[in-house]
Amino acid sequence: MSIINKMLQDLDRRQGRADAEASGAIPQVRGVFAPGKDREWFWRIIAVLMIAAVGWVAWIAWQLRPHEPVATELAFKAAQGAPRAPAAPIAAAPAPATAPAPVSAPATAPAPAVIAAAPAPAPAPAPAPAPVAEPAKATAPAAPARKSAPAEKPAARQARSAKLELDVPPARILEPPSQASGRVQKVDRTRSAEDRAEAEFRRGAALLNQGRVGEAEESFAAALAISPAHEAARQALVALFLELRRIDEARRLLQEGLALNPGNAQFALVLARIHAGRRDFTAALDVLNGARGVAQANPEYQLLLGTVLQRLGRNPEAIEAFRAALQGMPDSSQAWAGLGLSLEAQGQRTEAIEAYKRVQARAPAGSDLSSLAEQRLRTLR
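Summary of the structure given here. Here the structure is a predicted model, which is why all the values come from computation and not from measurement. (Residues numbered from 1 in each chain as written. Predicted model: local features only at pLDDT ≥ 70, side-chain atom pairs only at ≥ 80, totals over all residues. Heavy atoms only, no water.)

1. Structural notes on the packing of helix 13 (residues 265-277) against helix 14 (residues 281-290)
Operational definition: For helices, the axis comes from a line fit to the C-alpha atoms of the stretch in contact; other axes are also lines fit to C-alpha atoms, and the angle between any two N-to-C directions lies between 0 and 180 degrees. The numbering of helices and of strands both runs from the N terminus, where a helix is a DSSP run of H or I of at least 4 residues and a strand a run of E of at least 2. Throughout, the term roughly parallel applies to angles under 35 degrees, roughly antiparallel to angles over 145, roughly perpendicular to angles from 65 to 115, and oblique to all others. Note on contacts: a residue pair qualifies if any of its non-hydrogen atoms lie within 4.5 Å across the two residues.
The interhelical angle for the contact between helix 13 and helix 14, taken along N-to-C directions, is 170°, at an axis separation of 7 Å. Judged by the inter-axis angle, helix 13 sits roughly antiparallel to helix 14. Residues Ala 268, Leu 269, Leu 271, Ala 272, His 275 and Ala 276 of helix 13 form the contact with helix 14, whose own contacting residues are Phe 281, Ala 283, Ala 284, Val 287 and Leu 288.

2. With respect to the nonpolar core
Operational definition: Only buried residues count toward a nonpolar core, which is a set of Ala, Val, Leu, Ile, Met, Phe, Trp, Tyr and Cys residues joined through side-chain atoms within 4.5 Å. The buried label applies to any residue whose accessible area, calculated with a 1.4 Å probe on protein chains only, is under 20% of its type's maximum; exposed applies above 50%, and partly exposed to all values in between.
Formed by 58 residues in total, the largest nonpolar core has its most connected members in Leu 237, Leu 254, Leu 288, Leu 305, Val 308 and Leu 339. In terms of residue count, helix 13 provides more of this core than any other element does, nine residues in total. Apart from the residues lying within four places of it in its own chain, the contact partners of Val 308 are Phe 281, Ala 284, Leu 285 and Leu 288.

3. Description of the layout of surface pockets
Quick reminder of the rule: The way it works is a 1 Å grid over only the protein atoms, where trapped points that fit a 1.4 Å probe form a cavity and open points with protein on both sides within 12 Å along at least five of seven lines form a pocket, and then any residue with an atom within 4 Å of a point lines it. Grid points are joined across faces, edges and corners, and a volume is the space filled by probe spheres set on the points. Residue polarity is assigned by list, with Asp, Glu, Lys and Arg as charged and Ala, Val, Leu, Ile, Met, Phe, Trp, Tyr, Cys and Pro as nonpolar; anything else, Gly included, falls into the polar class.
A volume near 480 Å³ is recorded for the second largest pocket. Around the second largest pocket, the lining comprises 18 residues; the ones closest to its centre are Leu 303, Leu 304, Thr 307, Arg 311 and Gln 334. If you list the elements that add at least two residues to the lining of the second largest pocket, you get helix 13, helix 16 (299-311), helix 18 (333-345) and helix 20 (368-380). Among the elements that line the lining of the second largest pocket, the one with the most residues is helix 16, at six residues. Residue classes in the lining of the second largest pocket are distributed as nine nonpolar, five polar and four charged.

4. Quick look at the packing of helix 18 against helix 20
Convention followed: Two helices crossing with the near one rotated counterclockwise from the far one by less than a right angle form a left-handed crossing, whereas a clockwise rotation gives a right-handed crossing.
It is at 11 Å that the axes of helix 18 and helix 20 come closest, and there the two elements cross at 25°. One finds that helix 18 runs roughly parallel with respect to helix 20. Helix 20 is crossed by helix 18, and the crossing has left-handed handedness. Each of Ser 333, Gln 334, Ala 337, Leu 341 and Glu 344 in helix 18 lies in contact with helix 20, whose residues at this interface are Leu 369, Leu 372, Arg 376 and Leu 380. For the contact of helix 18 with helix 20, a count of residues per class yields five nonpolar, two polar and two charged.

This is the structure:
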């Protein structure tokens with residue numbers, strides 16, 4: 001043992017001298033330490049983050065991918081399947097025991113599979129299951145109930161193939177009824193005609209105010225051509241014709257207006273004045289009698305009626321008309337003058353003198369009515 005100990009001590013001493021010489025000869029050389037474990041964790045974290053980023057990008061790309069419009073196709077199927085056959089596949093019995101025949105399985109199996117795929121926005125109307133059950137009894141003999149289960153796979157394939165055939169355009173399903181659309185178009189056309197006639201009338205009024213009579217006449221005529229019932233345009237055109245001494249054209253427009261609206265008292269008065277101006281008192285009386293129901297309370301109507309009746313020699317009726325006119329306008333010198341003439345013709349001298357005095361008090365001095373009243377008073381006195 002002592003020899004072994006000595007050998008070990010000698011080796012230690014030699015090793016120590018070698019280390020001292022080596023450190024003195026190369027002082028710049030240092031020991032290399034093993035790499036630490038903190039760098040390994042850093043790279044592991046980087047790898048996990050990169051994997052997460054790649055997964056997030058893949059999820060976003062999957063979300064942006066166009067999906068199959070299941071609900072739209074189901075809606076097309078519901079709308080197209082209703083008129084094709086009285087019994088739709090949705091209305092089949094879900095229980096496999098009620099359909100023992102494997103032939104009816106393709107018609108009954110697709111319904112639950114299609115409904116479970118996605119909720120349709122509007123469920124299709126379900127026909128009665130009786131028409132499906134009757135062919136199953138007639139075409140299929142007695143068979144075990146568990147044989148209908150293997151027919152589900154071909155039924156699913158048939159449903160997927162039929163799904164591609166229901167790709168019909170939406171306009172075929174959502175087309176509005178033809179009668180309703182025609183009714184709406186008719187109202188729109190009527191309104192557009194009224195609007196265009198009103199626009200032409202306003203344009204003609206503006207042109208007339210600017211003194212452009214010819215263009216105003218064209219605008220009024222265009223308004224009547226678009227809408228003959230536009231009374232404002234007709235009245236403006238009649239007034240324009242009367243001012244231009246185009247009496248026949250004005251009379252024609254008034255007759256057309258009364259044919260469209262017999263209750264227009266203003267048109268009847270103007271047309272009766274045109275007839276009376278031409279000494280056609282019978283035609284004037286016919287026009288006035290036609291408007292009697294709507295113009296009975298109009299004092300101007302009563303005054304014109306009394307004048308026409310007086311010219312026709314019907315003085316008693318004329319006296320009633322003049323008195324009715326004076327109830328509405330008691331200061332009218334024309335009504336008092338007409339009343340005085342009819343009273344004088346009937347031999348009622350005192351009342352006629354009183355009527356002529358009223359004319360002198362109300363008519364302007366030097367006017368025709370004032371001169372007439374003065375002359376008749378001299379004659380009666």
